[in-house]
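Breakdown of the fold
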Amino acid sequence: MAQGGAQMDPLKFSCSICLDPLKDPVTVPCGHSYCSNCINGHWDEEQNKGIYSCPQCRKEFMQRPDLEINFMLAELVEDLKKTGLQAAAADLCSAGPEDVACDVCSGRKLKAVKSCLVCVASYCEEHLQGHYEAAPLKKHQLVEPSKKLQEKICSLLDEVKKIFCRTDQQCICYLCTMDQHRGHETVPAAAERSQKQKELEGSRLNIQQRIQEREKDVKLLQQQMFAINVSADEAVEHSEESFTQMIRLLQKRSLEVKRQLRSQQQTAVGGLKELEEKLQQEIAELKRKDVQLEQLAHTEDHTEFLHSYTSVSALSEPTHSCSIQTAPLRYFEDVAAVVSESREKFQDFLRENEEEMLLLQPQPESRADFLQYSQQITLDPNSVNRELKLSDGDRKVTCTEEDQPYSDHPDRFTEYRQVLSRESLTGRSYWEVERRRGVFVAVTYKNISRAGREKECVFGGDDKSWALDCVSDTFSFYHNNIQTPVSGPWSSRVGVYLDHRAGILSFYSVSETMTLLLRVQTSFTQPLHAGVYVCPGSSAEFLKPE
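Quantities reported herein were computed from a predicted structural model and do not represent experimental measurements. For every chain, the first residue of its written sequence is number 1, and the numbers climb from 1 along that sequence. In view of the model being predicted, local features appear only for residues whose pLDDT reaches at least 70, and side-chain atom pairs are presented and counted only at 80 or more, with totals across whole chains, interfaces and linings using the full set of residues. The side-chain figures draw on all heavy atoms in the structure; neither hydrogens nor water molecules are used.

Once that is clear, we can look at the overall build of the chain. For the chain, the count of helices and strands is 9 helices and 24 strands. Here the globule rule reads 2.2 Å times residues to the power 0.38, and the radius of gyration is calculated from C-alpha atoms. Against the compact-globule benchmark of 24 Å for 546 residues, the chain has a radius of gyration of 55 Å, which places it well outside the compact range. For the chain, the C-alpha atoms occupy an extent of roughly 170 × 105 × 45 Å along the three principal directions. Only protein chains enter the accessibility calculation, which uses a 1.4 Å probe; a residue whose area is less than 20% of its type maximum is buried, one above 50% is exposed, and one in between is partly exposed. When the 546 residues of the chain are sorted by exposure, 29% land in the buried category. Relative to all contacts within the chain whose residues are 6 or more apart in sequence, the contacts with residues 24 or more apart total 53%. Note on areas: these come from Shrake-Rupley sampling with a 1.4 Å probe, and a residue is covered only by the protein chains present in the view. Here the chain displays about 36,300 Å² of accessible surface, and carbon together with sulfur accounts for 52% of that area. Segments assigned H or I by DSSP are reported as helices when at least four residues long, segments assigned E as strands when at least two residues long, and all are numbered from the N terminus. In this analysis, two residues are considered to be in contact whenever any of their non-hydrogen atoms come within 4.5 Å of each other.

A few words now on the pattern of salt bridges. We define a salt bridge as a side-chain nitrogen of Lys or Arg found within 4 Å of a carboxyl oxygen belonging to Asp or Glu. Taken as a whole, this structure holds 16 salt bridges when the rule is applied. Note that Lys 114 and Glu 144 form a salt bridge whose closest N and O atoms lie 3.0 Å from each other. Of the two residues, Lys 114 is situated in strand β6 (residues 114-116) and Glu 144 in the loop between β8 (142-143) and β9 (163-165); the sequence distance between them amounts to 30 residues. Judged by relative accessible area, which is 23%, Lys 114 ranks as partly exposed. Exposure remark for Glu 144: the relative accessible area of 54% places this residue in the exposed category. Between Arg 428 and Asp 499 there is a salt bridge, with the nearest N and O atoms lying 3.0 Å from each other. Placement of Arg 428 in strand β15 (residues 428-436) and of Asp 499 in strand β20 (residues 493-499) is noted, with a sequence separation of 71 residues between them. Accessibility assignment for this pair places Arg 428 and Asp 499 in one class, buried. The network of salt bridges with common partners includes Arg 166, Glu 185, Glu 192 and Lys 196.

Mapping His 140 onto the fold places it in the loop between α5 (135-138) and β8. As a C-alpha pair, His 140 and Ile 207 span 67 residues in sequence and 35 Å in three-dimensional space. The contacts of His 140, once residues within four sequence positions are left out, are Cys 116, Val 118, Cys 119 and His 131.

The next thing to look at is the packing of aromatic side chains. Only Phe, Tyr and Trp rings take part, Trp by its six-membered ring, and two of them pair if their centres are within 6.5 Å. Stacked means planes under 30 degrees apart, edge-to-face means over 60, and tilted covers everything else. Here the structure, examined in full by the defined rule, presents 12 aromatic pairs. Ring centres of Trp 466 and Phe 524 lie 5.2 Å apart, and the angle between their planes is 85°; on these two criteria the pair is classed as edge-to-face. One end of the pair, Trp 466, is in strand β17 (residues 465-469); the other, Phe 524, is in the loop between β22 (514-521) and β23 (528-534), with 58 residues separating them in the sequence. The class of Trp 466 is buried, set by a relative accessible area of 3%. Aromatic rings pair up to connect Phe 370, Tyr 373, Tyr 430, Tyr 497 and Tyr 508 into one cluster. Arg 453 extends its terminal NZ or CZ atom over the ring of Tyr 416, reaching a point 4.8 Å from the ring centre. Consider the ring centre and the ring normal. A charge sits over the ring if Lys NZ or Arg CZ is within 6 Å of that centre and within 35 degrees of that normal.

Our next topic: the domain arrangement of the chain. Split into domains, the chain comes out as domain 1 (25-88), domain 2 (192-314) and domain 3 (367-542). Domains are outlined according to an automatic or database domain assignment. Using C-alpha coordinates to define each centre, domain 2 is positioned 48 Å away from domain 3.

What follows is about unusual backbone geometry. At Val 120, a position not held by glycine, the phi torsion is positive, near 55°. Under the relative-accessibility criterion, Val 120 is labelled buried at 14%. Backbone geometry places Asn 480, a non-glycine residue, at a positive phi of 55°. Summarising the element assignment, Asn 480 is placed in the loop between β18 (475-479) and β19 (482-486).

Note that Ser 491 resides in the loop between β19 and β20. Of the residues examined, Ser 491 reaches a relative accessible area of 5% and is grouped as buried. Spatially, the C-alpha atom of Ser 491 lies 30 Å from that of Thr 414, the residues being 77 residues apart in sequence. Residues in contact with Ser 491, not counting those within four places in the same chain, are Arg 435, Ser 509 and Val 510.

What follows concerns the sheet that holds β6. At least two DSSP bridges between two strands are required for those strands to pair. Overall, antiparallel pairing links the 3 strands, which are arranged β7-β6-β8 in an open sheet. Because the sheet does not close on itself, it has two edges, and the strands there are β7 (121-123) and β8. When β6 meets β8, the two strands line up antiparallel, connected through 2 bridges. When the sheet's bridge partners are listed, Ser 115 is paired in β8 with Val 143.

Another aspect to go through is the pairing of β18. In this structure, β17 lies alongside β18, joined through 4 bridges in antiparallel fashion. Its bridge partner lying in β18, Ala 467 is registered against Tyr 478. Taking the residues that link successive antiparallel strands as the turn, the β17-β18 hairpin has 5 residues. Bridge count for β18 against β19 is 5 bridges, and the pairing is antiparallel. Bridged to Tyr 478 within β19 is Gln 483. Between β18 and the antiparallel strand that follows it, β19, lie 2 residues; Asn 480 among them carries a positive phi value of about 55°.

A separate point is the UniProt feature "domain: RING-type" (unreviewed entry) in the chain. UniProt positions are given in the numbering used here, feature names are shortened, and annotations may be inferred rather than shown by experiment. Under the UniProt annotation, the feature "domain: RING-type" (unreviewed entry) is placed at residues 15-58. Along residues 15-58, the helical share is 25% and the strand share 18%, with 16 Å between the first and last C-alpha atoms.

It is worth spelling out the sheet that holds β17 at this point. With antiparallel pairing, the 6 strands of this open sheet are ordered in space as β14-β23-β16-β17-β18-β19. Each edge of the open sheet carries a strand with a single partner, namely β14 (418-420) and β19. Taken pair by pair, the neighbouring strands of this sheet meet at an average axis angle of 20°, ignoring direction. Every axis corresponds to a line fitted to the C-alpha atoms, with the helix fit spanning only the stretch in contact, and the corresponding angles, defined between N-to-C directions, vary from 0 to 180 degrees.

In this section: the nonpolar core. Nonpolar cores were defined as sets of buried Ala, Val, Leu, Ile, Met, Phe, Trp, Tyr and Cys residues, with membership established by side-chain atoms within 4.5 Å. Grouped together as the largest cluster of nonpolar side chains are 36 residues, with contacts concentrated most on Val 397, Trp 431, Trp 466, Leu 505 and Phe 507. Not counting chain neighbours up to four residues away, the residues in contact with Phe 507 comprise Val 441, Leu 468, Phe 477, Val 494, Gly 495, Val 496, Thr 515, Leu 516, Leu 517 and Leu 518. Ranked by size, the runner-up nonpolar core spans 16 residues in total, among them Val 26, Cys 35, Trp 43 and Tyr 52.

Another point: helix α2 (residues 36-46). Along α2, the residues classified as buried are Ser 36, Cys 38, Ile 39, Trp 43 and Glu 46. Buried residues in α2 make contact with β1 (25-27), β2 (33-35) and β3 (52-53).

Listed below in structure tokens is the structure:
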């Protein structure tokens, strides 16, 4: 029955109410079958209606039918369950593409549970029993299933590889020791494994130590990142608070100055208004006296004239007006000057603060970082030596055999084949020089000596200039007439990075990558100019890196 059940459709043995395989199947009078609990539950719900129906064919019954167990259907369902479990078990035991298959199974191959290094074969649970029961097979070495068993067989002599050739560092069979590997240093594979096992343990110990070290480094990095984040947050908070307080202080001071100015204005204007009123009163009185005197002057009666003259001609004391200024009115210019001076001091403070903040910015590392400070350098015709010729918009200089018709100028280098840039360099700058043959790439203060052949006139010969000697395939650095050898890859292009505020000057060999040749840390006291010394038959072009 189990075999026949395996060919049946499981859906035909499912309950149409719960859709699961039939459990305790019972049959209603119309012939349909259901789980006993399902049909009883269905009819319990219909009990109030007084009519009972079949869920499938809808046939109605006036009385609740008696249910009989369908024993044949119950057996078929049980057989179906068993065959289903057997099929599932077979599927679980069958070897898939990723599994090692039993070498003995015919038809559907089951998964191997062990591989035998002596038999060079893999076995499922059933076919492995002989290795547990037969005395000769019990001595065979069983290992976890392996797909690489054939690699353990010598392809030439068809023997198991149990020997290790230290000369050729490979596993061989015992017959190979008498043929291809005769005279080689050989040991049993187990002995070599034992030695290699010790080396492996040492390697693992080393790896574990390195893991611990790296984990410790990671922890330190995480602590540093946390400290940086905390410090930055605290600095931002403190800065915001400080600037807020400064703004409040400035606003408060502005209100106080405004209040004082208005108070002084009110006091000054009040006093002047009071004086103005007195003067207006005096003017009115004088005008009245003038009318009276005019009338008296026209009086014909001499007696009346003389009688009235004394009282009419008498004048009151004039109003004191010495406080009236005739010079240009400059009442509050001093206050404005003080405020302007305070503003300039505050601007200086902000400028110094900005410079300090710039010093905190990280120095560039990648070429993309340097390109942020890329600058085009042009050469100054007033400084160029007459044996040098400028071209390409004063960006290229070439040493010539004939003197160039340059006019006299106090900035011109008279003896050394040198030239300076027009641009003065402060802050951060980066530029590149493409050279042909021998040149010195330099930076210098503008007040470097120009006339004569003294060492103070050549780049690197004094304390005002710094120069990288690129004349040969090796480099040298000169400052204050001191030579320092510089190692690095040769290239036709030299990069120069300057951070004037931080006092950093760096030279790079530029090809497909940038290689640091030399970094100078000093303190620059003046703006710098780029410069170049050009040997006979050589040229240099200043490029703006892109």
